[in-house]
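Coordinates in review
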Amino acid sequence: MTSKELMQTMEQYGAHNYHPLDVVLTKGLGSKVWDVDGNEYLDFLSCYSALNFGHQNPILVKALESQLKRLAVCSRAFYSDELALFSKELADFCGLESVLTMNSGTEAVESALKICRKWGYEKKRIPEGKAKFIVMENSFHGRSIAIISFSTEPTYKNGFGPYVSGFEVVPFGDVQAVADAIDANTVGVLVEPIQAEAGILVPPPDYLKKLRDLCTKNGMLLILDEIQTGMARTGKDFCFQHSSIVPDVLILGKSLGGGLLPLSAMVSTREVMDVIRPGQHGSTFGGNPLACAIGRAALRLLKEEGFAEKANHLGKITVGMLTEKRLPQVKEVRGTGFLIGIELEPAAGGARRYTEELAKEGVLCKETHDHVIRIAPPLVISDAELRHGVQKVVSVIQKLAH
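A few points on the structure. As the structure is a computational prediction, the values presented were derived from the model and not from experiment.

**Quick look at the nonpolar core**
Formed by 83 residues in total, the largest nonpolar core has its most connected members in F44, L90 and V191. Sorting elements by how many residues they give to this core places helix 11 (residues 289-304) first, with 9 residues. For F44, the residues in contact, after removing those within four places along its chain, are V363, L364, C365, R374, I375, A376, P377, I381, L386, G389, V390 and V393. One finds A108, I227, I251 and V272 within the second-largest nonpolar core, a separate group that totals 28 residues.

Structure below.
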């Protein structure tokens, strides 16, 4: 079938919950993808950081193939060797003590909220049904009912009520607003170190450190969602390491599964995790041996291949190329490591038309929050490929100015 026929089929039979570009992909390798018509593209999106290690990374594919021949899925009614080893290796790598494996990032966030609530009741003695989290404006932690209940984005929220209570929303980056929202029933603070979906919003440099101090002082949990910022994307293995802190709870996903299988995790102190008991939480596929084998290989890549350093290097090239020429439509270029947003002036006509034009030029990226172009290619991209792609971005911005 042609691209047009496949898109028509998808529109007829698929749910209309995405607004994709007019590209039908069929193959990927490294930083490149191909459509069903044979056209080649540079991937500048990385599936929202799920593909930090690139498409079909040979080391990860080898781990998948090896494990697939032994055991793919088994019930959590039994132990498995890969889950035990993955749990230890991930906990050690994060500087924490205990791991709960799930599948999607949304599941990991939901798991963290659920377990942290129980911690609040059992350890902090919050009255039953009164637990509260402080969360941020413009946050994105998924689209479940609980999560959209505290979203400030109408697209995610409107039409899906009634909503779940127990969340107080404050401005992102404002420590005083967090301090003012604390009361005796506050379990903790849930925050992304960088708000990626909101347009690559970077808080003040001391933000996480001050939140860590505030949580420690008030006996609360600092819960960091690093589903998009983790796994070397921002120039450290985890974004919180830029602030020299350790959270009480760390939420991971996307590239934890190497871009091959869904794999997410809540990683925490033993004190927090031990409030959950048999039968109170679980997942049929969470922690399956196949995903865990890939996760272990992904952690080895992070340790051995210098991806964090490469993210810093590639990010500097990207920012340098985007700022060396005066582009009137560009309001700001911002980001950390290799997670970069190009915010366009409102008069530029919205970011969507730029991403559509870039697709025609062989570069795939996506708009976010109407006026921001997200640049986050796989960390395996070569300098030459990156420079070629960024030059295309610059050329398209210049072209659409006229």
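Let us keep going from here.
**Some words on unusual backbone geometry**
Here G161 and P162 are connected by a cis peptide whose omega angle stands at 5°. The residue P162 is located in the loop between helix 7 (154-157) and strand 6 (167-170) in this model. Positive phi, close to 55°, is recorded for Q56, a residue that is not glycine. Mapped onto the elements, Q56 comes out in the loop between helix 2 (46-49) and helix 3 (58-68). Residue Q56 is classed as partly exposed on the basis of its relative accessible area of 43%. The backbone of I200 shows a phi angle near 60°, a positive value even though the residue is not glycine. Here I200 lies in the loop between strand 7 (186-191) and helix 9 (207-217). Judged by relative accessible area, I200 falls into the buried class, the value being 0%.

**Regarding the packing of helix 3 against helix 11**
For any two helices packed against each other, the geometry is given by the interaxial angle and the distance between the axes. In the contact formed by helix 3 and helix 11, the axes pass within 9 Å of each other and the chain directions differ by 150°. Here helix 3 is positioned roughly antiparallel relative to helix 11, judged by the angle of their axes. Classified by chirality, the crossing of helix 11 by helix 3 is right-handed. Together, I59, L60, A63, L64, Q67 and L68 of helix 3 and P289, L290, A293, I294, A297, A298 and L301 of helix 11 make up the contact between the two elements. Split by residue class, the contact of helix 3 with helix 11 holds 12 nonpolar, 1 polar and no charged.

**What about the sheet that holds strand 3 (residues 40-43)?**
Strand order in the open sheet made by the 4 strands is 1-2-3-13, with mixed pairing throughout. Only two strands of the sheet have a single neighbouring strand rather than two, namely strand 1 (25-29) and strand 13 (363-364). Bridging between strand 2 (residues 32-35) and strand 3 involves 3 bridges; their strand directions are antiparallel. Counted as the bridge partner of V33 is Y41 from strand 3. The sheet contacts of helix 14 (residues 383-399) involve strand 2, strand 3 and strand 13, and relative to strand 3 the element is tilted by about 95°.

**A word on the environment of A198**
You can see A198 is positioned in the loop between strand 7 and helix 9. When neighbours within four sequence positions are excluded, A198 is seen to be in contact with N138, T368 and H369.

**Thoughts on the packing of aromatic side chains**
Considering all chains together, one arrives at 7 aromatic pairs under this definition. Ring centres of F238 and F240 lie 5.7 Å apart, and the angle between their planes is 5°; on these two criteria the pair is classed as stacked. Assigned by exposure class, F238 and F240 land together as buried. A network of ring pairs unites the aromatic residues F93, F238 and F240 as a single cluster. One cation-aromatic arrangement involves K27 over W34; the distance from NZ or CZ to the ring centre is 4.9 Å. Above the face of the Y163 ring, K157 is positioned so that its terminal group lies 4.9 Å from the ring centre.

**Focus: the state of the cysteines**
Under the definition given, this model contains 0 disulfides. Considering cysteine sulfurs only, C116 is the nearest to C215, which forms no disulfide, with 11 Å between them. Free cysteine: C365, not disulfide-bonded; nearest cysteine sulfur from C47 at 14 Å.

**A look at the pairing of strand 11 (residues 330-336)**
Every regular strand shows the same layout, with side chains that alternate between the two sheet faces. The sheet contact formed by strand 11 and strand 12 (residues 339-344) spans 6 bridges and is antiparallel. What sits directly across from G335, in strand 12, is I340. Connecting strand 11 to the next strand, strand 12, in antiparallel fashion are 2 residues, including G337 with a positive phi near 60°.

**Details of the sheet that holds strand 15 (residues 372-375)**
Hydrogen bonding along the main chain pairs the strands of a sheet, whether they run parallel or antiparallel. Read across the sheet, 4 strands follow the order 11-12-15-14 without closing on themselves; strand pairing throughout is antiparallel. Because the sheet does not close on itself, it has two edges, and the strands there are strand 11 and strand 14 (366-368). Ignoring which end each strand starts from, the neighbouring axes of this sheet average 30° apart. Sheet topology places strand 14 next to strand 15; 3 bridges connect them, and they run antiparallel. By the bridge assignment, K366 is partnered in strand 15 with R374. Lying over the sheet, helix 12 (residues 307-323) contacts strand 11, strand 12 and strand 15, oriented at roughly 15° with respect to strand 12.

**Details of the pairing of strand 15**
The two faces of strand 15 match: V372 and R374 on one face and I373 and I375 on the other face are all buried. Note that strand 12 and strand 15 share 4 bridges and pair antiparallel. Counted as the bridge partner of I340 is I375 from strand 15. Hairpin connection, strand 14 to strand 15: the antiparallel pair is bridged by 3 residues, and H369 has positive phi, about 50°.

Criteria and thresholds
- Residues numbered from 1 in each chain as written.
- Predicted model: local features only at pLDDT ≥ 70, side-chain atom pairs only at ≥ 80, totals over all residues.
- Heavy atoms only, no water.
- Core = buried A, V, L, I, M, F, W, Y, C linked by side-chain atoms within 4.5 Å.
- Buried < 20%, exposed > 50% of the residue type's maximum accessible area, 1.4 Å probe, protein only.
- Helix = DSSP H or I, 4+ residues; strand = E, 2+ residues; numbered from the N terminus.
- Contact = heavy atoms within 4.5 Å.
- Axes fitted to C-alpha atoms, helices over the stretch in contact; angles between N-to-C directions.
- Parallel < 35°, antiparallel > 145°, perpendicular 65-115°, else oblique.
- Left-handed = near helix turned anticlockwise from the far one by under 90°.
- Nonpolar A, V, L, I, M, F, W, Y, C, P; charged D, E, K, R; others polar.
- Pairing = 2+ DSSP bridges.
- Phe/Tyr/Trp six-rings, centres within 6.5 Å; stacked < 30°, edge-to-face > 60°.
- Lys NZ or Arg CZ within 6 Å of the ring centre and 35° of its normal.
- Disulfide = S-S within 2.5 Å.

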